[in-house]
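# Structural overview for review
Here's the letter readout for the chains.
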Amino acid sequence: MKKFLIIAALMLLAAGKIFAQNVQQISEGPKILVLNYHQVQTANSALAVAEKDFEAQMNYLSSNGYVSITPDELYKGLNGEIELPPKPVLITFDDGYVDNYTNAFPILKYYGMRATIFVIPAFVGKYDNYLTWEQLREMEAGGITIESHTMNHYKLEELPDDEIRSELLNSKQILEEQLGHPVEFLAYPTGTYNLHIAGIAKAVGYKGAYTIKYGNVDLGSNFYALERVPIFNTGRTMKDFYERIEYRQSFEEFGWIKK
Ligand SMILES: [Zn+2]
């Protein structure tokens, strides 16, 4: 009996230790900065960052030790399959404007930064201000990853289930056919999502999805509701850029950012 009690006590101690380790891992996990751009041009648009400001931002990241990663690396890093660099950054662009090719791509290459563009296949090659398949392929050969932003950029929460499913699945399949690699990550159009839409994204084969919920990705993040830091609508852009990426933790402590 006494022996049994000692064994039981040892097991409780071991369980407590494992629990404590898990808590520590979650709180001390990597903080991954995910930037969300749209346009890189001087137009007077709420979605635009001027080329000179974008260049200053890439210069800042590269001279401050940030290492750019891909959505797949972020996924594997969170899953414990690979070790991420100490200061990882995932640079993302939504929609697929042609200025991502003409203005952002040369700057990204100059600073050795990889980036990800979430594109809308129904728009590719169709509009003057939109990327073409040739440009997408050239950028992929130069360190850019192309992922899905749905087929038509509809407001998913207003669609019936079969249309949500086809928006998510058709875009994935067309991108895979055109670009010749698996497309496993998604950015929700206008950033909006709910658990139901996230469930459909998972069911059609996405491994993760990005929102515009302001914050860092860490071990507490939901793979289908990944946080990003918006870098658009920045009036005094370098100051705003610095505040948004450097003071984010205090924003989080005050409960201003995370859910
Ligand atoms: Zn969009």
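Since we're looking at a predicted model, the values are computed, not measured. Per-chain numbering applies: the sequence of each chain, read as written, is numbered from 1 onward. Local features are withheld for residues below a pLDDT of 70 in this predicted model, meaning they are given only at 70 or higher, and side-chain atom pairs are given and counted only at 80 or more; totals for whole chains, interfaces and linings count all residues.

## Brief notes about the nonpolar core
Buried Ala, Val, Leu, Ile, Met, Phe, Trp, Tyr and Cys residues whose C-beta atoms connect them within 7 Å together make up a nonpolar core. Buried residues are those with 20 or more other C-beta atoms within 10 Å of their own C-beta, exposed residues have 12 or fewer, and partly exposed residues lie in between; C-beta atoms are placed from the backbone. The biggest cluster of nonpolar side chains holds 57 residues, and the ones touching the most others in it are Val34, Leu35, Val119, Leu186 and Ala209. The contact criterion used here is simple: two residues whose C-beta atoms, placed from the backbone, lie within 7 Å are in contact. Leaving out residues up to four positions away in the same chain, Val119 has contacts with Gly96, Val124, Leu131, Leu136, Ile146 and His149.

## Things to note about the packing of helix 6 (residues 161-179) against helix 7 (residues 195-203)
Axis separation between helix 6 and helix 7 bottoms out at 10 Å; the angle between their running directions is 50 degrees. Judged on the interaxial angle alone, helix 7 and helix 6 are oblique. Two packed elements cross with a definite hand, and for helix 6 against helix 7 that hand is right-handed. In this structure, helix 6 contributes Asp161, Ile164, Arg165 and Leu168 to the contact, and helix 7 contributes Ile197, Ile200 and Ala201. When residues are sorted by character, Ala, Val, Leu, Ile, Met, Phe, Trp, Tyr, Cys and Pro go into the nonpolar class, Asp, Glu, Lys and Arg into the charged class, and all the rest, Gly among them, into the polar class. For the contact of helix 6 with helix 7, the per-class residue count stands at five nonpolar, no polar and two charged. Here an angle of 0 to 180 degrees is reported between the N-to-C directions of two axes, which are lines fitted to C-alpha atoms, with helices fitted over the stretch in contact. Every helix listed is a DSSP run of H or I at least four residues long, and every strand listed is a run of E at least two residues long, numbered separately from the N terminus. The labels follow the angle: roughly parallel below 35 degrees, roughly antiparallel above 145, roughly perpendicular from 65 to 115, and oblique for the rest. The handedness criterion is simple: a crossing whose near helix is rotated anticlockwise from the far helix by less than a right angle is left-handed, and one whose near helix is rotated clockwise is right-handed.

## Considerations on the pairing of strand 5 (residues 88-95)
For strand 5, the buried fraction is high: seven of the eight residues fall into the buried class. In this sheet, strand 5 lies alongside strand 1 (residues 33-37) in parallel orientation, the contact comprising five bridges. Residue Leu35 lies in a different strand from strand 5, and its bridge partner there is Ile91. A pair of strands is labelled paired if DSSP reports no fewer than 2 bridges between them. Bridging between strand 4 (residues 67-68) and strand 5 involves two bridges; their strand directions are parallel. Its bridge partner lying in strand 5, Val67 is registered against Pro88. Call a crossover right-handed when, viewed with both strands pointing away from you, the route from the first strand across the helix to the second goes clockwise. In this fold, strand 4 hands off to helix 3 (residues 71-78), which returns the chain to strand 5; that crossover is right-handed. Relative to strand 6 (residues 115-119), strand 5 runs parallel, the two sharing four bridges.

## Overview of the environment of Val40
By the element assignment, Val40 lies in strand 2 (residues 39-40). Overall, Val40 belongs to the buried group, with 27 C-beta atoms counted inside 10 Å. Along the chain, Val40 and Val98 lie 58 residues apart, while their C-alpha atoms are 9.2 Å from each other.

## Focus: the environment of Arg228
Positionally, Arg228 belongs in strand 10 (residues 226-230). Sequence separation between Arg228 and Leu33 is 195 residues, and the spatial gap between their C-alpha atoms is 7.2 Å. Setting aside anything within four residues of it in sequence, one finds Arg228 in contact with Val34, Leu35, Asn36, Thr92, Tyr210, Thr211 and Ile212.

## What to know about helix 4 (residues 99-110)
In this model, helix 4 (12 residues) spans 16 Å end to end at C-alpha, consistent with the 16 Å of a helix rising 1.5 Å per residue. Listed in full, the buried residues belonging to helix 4 are Asp99, Asn100, Tyr101, Asn103, Ala104, Phe105 and Leu108. Where helix 4 is buried, its residues contact strand 2, helix 2 (51-63), strand 5, strand 6, helix 5 (133-141) and strand 7 (144-148). Looking one or two residues beyond helix 4, the residue adopting positive phi is Gly112, at roughly 65 degrees. In this analysis, the expected span of each helix is defined as 1.5 Å times one less than the number of residues it contains.

## Let's talk about the confidence of the model for the protein chain
Per-residue pLDDT for the protein chain averages 86, and the proportion of residues at 70 or more is 81%. Contacts for the low-pLDDT stretch residues 15-27, under 50 throughout, to residues beyond four places or in other chains number three contacts. As a per-residue measure, pLDDT reflects the predictor's confidence and takes values from 0 up to 100.

## Section: the environment of Leu179
With respect to the helices and strands, Leu179 occurs in helix 6. Distance in space between the C-alpha atoms of Leu179 and Ile146 is 8.4 Å, their sequence separation being 33 residues. If sequence neighbours within four positions are ignored, Leu179 has contacts with Leu136, Arg137, Glu140 and Ile146.

## Some thoughts on unusual backbone geometry
We note that His153 has phi near 60 degrees; this positive angle belongs to a residue other than glycine. Along the chain, His153 turns up in the loop between strand 7 and helix 6. The exposure class of His153 is partly exposed, given the 18 C-beta atoms found within 10 Å. With phi around 60 degrees, Thr190 is a residue other than glycine that occupies positive phi space. Of note, Thr190 is situated in the loop between strand 8 (185-187) and helix 7. You can call Thr190 partly exposed: it has 14 C-beta atoms within 10 Å.

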